[in-house]
Amino acid sequence: MTEQSILSVTGLSKSFRAVKAVRDVSFSIPRGKTFGLVGESGSGKSTTARLVLRLVEPTTGSISFRGRDLAELAPRALRAERRHMQMIFQDPFGSLNPRMSVRETLVEPQLVHDIGTPSDRLRTAERLLAEVSLPRAALDRFPHEFSGGQRQRIAIARALATNPELIVADEPVSALDVSVQAQVLNLMRDLQDRHGTTMLFISHDLRVVQFMCDEIGVMYLGEIVEQGPRDRIYGAPAHPYTQALLASAPGKGSGQRARLKGEIPSAHAVPSGCAFRTRCPHAFDRCVNEKPAMRDIGGGQKAACHLLDKAEAA
Amino acid sequence: MTAHITPLPAETVSPGAARKTVLEVENLSLAFRNADGLLPIVTDVSFAIAEGEAVALVGESGCGKSITASAIMGIAPDNAEIAGNITLNGTVISALPPKDRRRLCGRHMGFIFQEPMTALHPTLSIGRQMTDTLRHNLGLSHKDATDRAAELLDRVGIPRARDILRGYVHELSGGMRQRVMIALAISCGPSLIIADEPTTALDVTIQAQVLDLLEDMRRELNLAMLFITHDLEVVGDFCEKAVVMYAGDVVERGFSADIVRSPAHPYARGLIDAVPAHDDGRTRLTPILGTVPPVGQWPEGCRFAPRCGRADAQCRTRPSLERHGVTDARCWHPLEDRP
């Protein structure tokens, strides 16, 4: 697509039997940039992350990564390609193997992808540890000996071990206290600057997404309802859901707050037409009958809402 | 700055009518008895809440905020040694025998926990849990209790209240469960609500709904509210006063607006700076260096000193909580360049 996208996802969908978890998601990420997916629980952002890595098989759609369609790759070729994409998970307590020392944790991915000699691998492990600001003495310790923030640093070091081009980070700081969260976010930005890694960053926290991401996709009930450059999304949100999400965030002062009614519907029973209409303060009859198409509204911003047609017609 | 020179604690938003103090905590300390002796968890915590007022207890994990709340509720673990006074509506409840305390607190305190799935009973119907509470504390008949329960559910915005009464917690969404908790908390007409991270597990649009509901309830019922949270932004929006805790200590205390805008304590400042703010264009955050010391391994003197950029030799002795400008802070070198 534009510039030089390292990852380009088109029409990605995933159904678990009757549950349509992800519906027709498309986005692309230029090399070295961070794309953020933001949304509430059940919006399909984590499933999208797993689809991109093909940890979950997509129902339909294509995932073009480094010029190849991951969705089409045979298992062996996919495994080889995985070297170039790594993941950081939310829970640093569950995502590290408790029986593996930090040294083993950092050497393992290199071993799997047959990178370097044993002494190279060890040197890489030592270098990675230094990069995430942990002492060399940590090599022989086990995950339970570290705090949450330190574990997340180990998880980041492990993700970097194969020198990947894409890192998918699913809520990487949600389990951390704010002071530690700031350390980890800074670290991720430092490493990205240094290595030029491309990142798909998933979070429910609007402030964290704003800080980390160049481009943002807002998800609701399995779909991207709005996407665009960070400053457009936060400065001039076009979709009523994005507007409501931003208005609901704490720290905006109380009173006169626009509130969404109700809760996110079940993915078993996605509303007809626009999926957001049941909670939308502006919904009208067209929203029931017709699904709004994603439309360009300039400045790289796109949104799927019938109101945009109205605004244009007026 | 001049606008803030109203240091009388009881006098806040409603000038004229002095508000009655509902909860007063004085020099509360809590330590766990274990094989090696006493392990201090919370030291010297003091604050007061007036009717209709929300006070936030803020801090990161392990700072002692939840255990402080459990000491007030009287549900601290058995091996906890508690010192200091807790006064509820003029009665020193910390000195009462457990049975009397339960009787008093059951009626006059309501609790809202972070995880309603574990705080509510999974195999008792919602109606049963609510009517049990009402019958026990208020001595209502079964029918009256049921009517009142339905009324309460309706009041907290739960549709089809009568049907929900027959249902179970697992059938509800997170936001609805939290509404049931709120209904239960206000059911016996309490004067104090203690809410421990009530919206942390919720999505942001639902969090906003629940915060609005809590605020409505507080205003309508003139409730005193102790709001335990790690999120300073929620504090600024929702609470008039705040008590910031670090490593078992109160490090700063005052009006939320003052603390959020211009804290005196470097830790409070650090907490604010560590949060990615809305649209301030930073490319790096300002983290607090190091980590929170583990319980029982607190440094001598000021407990924040090892992580503090302003620390010097004086910080090896313990500072007391004193007024600096518009707030109280436990610091030898409070921030003065306050706008």
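In this text, all values refer to a predicted model and were calculated from it rather than measured experimentally. (Residues numbered from 1 in each chain as written. Chains lettered and ligands numbered in written order. Predicted model: local features only at pLDDT ≥ 70, side-chain atom pairs only at ≥ 80, totals over all residues. Heavy atoms only, no water.)

1. As for the nonpolar core
- One finds M130 and L153 of chain B to be the most contacted residues of the largest nonpolar core, which totals 64 residues.
- For this core, the leading source of residues is helix α7 (residues 174-186) of chain B, giving 8 residues.
- What L153 of chain B contacts, discounting residues up to four positions off in sequence, is M130, I158, A161, I164, L165, V180 and A183 of chain B.
- Core analysis: the next-biggest nonpolar cluster, separate from the first, contains 61 residues, V38, M212, I216 and Y220 of chain A among them. (Core = buried A, V, L, I, M, F, W, Y, C linked by side-chain atoms within 4.5 Å. Buried < 20%, exposed > 50% of the residue type's maximum accessible area, 1.4 Å probe, protein only. Helix = DSSP H or I, 4+ residues; strand = E, 2+ residues; numbered from the N terminus. Contact = heavy atoms within 4.5 Å.)

2. Observations regarding the sheet that holds strand β1 (residues 21-34) of chain B
Residues and elements named next belong to chain B.
- The strand order across the open sheet built from 4 strands is β2-β1-β4-β5, with neighbouring strands paired in antiparallel fashion. Each edge of the sheet is formed by a strand with only one pairing partner; in this case those strands are β2 (37-50) and β5 (91-92).
- Across 10 bridges, β1 lies against β2 in antiparallel orientation. In the sheet register, L30 faces β2, and the bridge partner there is V42. (Pairing = 2+ DSSP bridges.)

3. Overview of unusual backbone geometry
All names here are of chain B.
- A positive phi angle, close to 50°, is found at N89, a residue other than glycine.
- Among the secondary structure elements, N89 is positioned in the loop between β4 (80-88) and β5.
- What makes N89 partly exposed here is its relative accessible area of 31%.
- Positive phi outside glycine occurs at E197, with the angle close to 45°.
- Examined against the element boundaries, E197 turns out to sit in the loop between β7 (192-196) and α8 (204-221).

4. Some details on the domain arrangement of chain A
Residues and elements named next belong to chain A.
- Entries for chain A in the domain assignment read domain 1 (5-84 + 164-250 + 258-313) and domain 2 (97-163).
- A straight line from the C-alpha centre of domain 1 to that of domain 2 covers 30 Å.
- By the criterion of area lost to domain 2, the three top residues of domain 1 are R83, P164 and L187, representing 39% of everything that side buries.
- Put simply, domain 1 and domain 2 have 1 salt bridge between them.
- The closest approach of N and O atoms between R194 and E131, which form a salt bridge, is 2.8 Å.
- Where domain 1 touches domain 2, the interface holds 5 residue pairs in polar contact (both at pLDDT 80 or more).
- Going through the elements one at a time, α2 (75-82) and α6 (178-195) are the ones with two or more residues in the side of domain 1 that touches domain 2.
- In terms of residue count, the dominant contributor to the side of domain 1 that touches domain 2 is α6 (8 residues).
- Each residue belonging to the side of domain 1 that touches domain 2 can be placed in one class, and the counts come to 10 nonpolar, 2 polar and 5 charged. (Domains from an automatic or database assignment. Buried area = accessible area lost by both parts, 1.4 Å probe. Salt bridge = Lys/Arg side-chain N within 4 Å of Asp/Glu carboxyl O. Polar contact = N/O pair within 3.5 Å; in protein donor to acceptor, adjacent residues only side chain to side chain. Nonpolar A, V, L, I, M, F, W, Y, C, P; charged D, E, K, R; others polar.)

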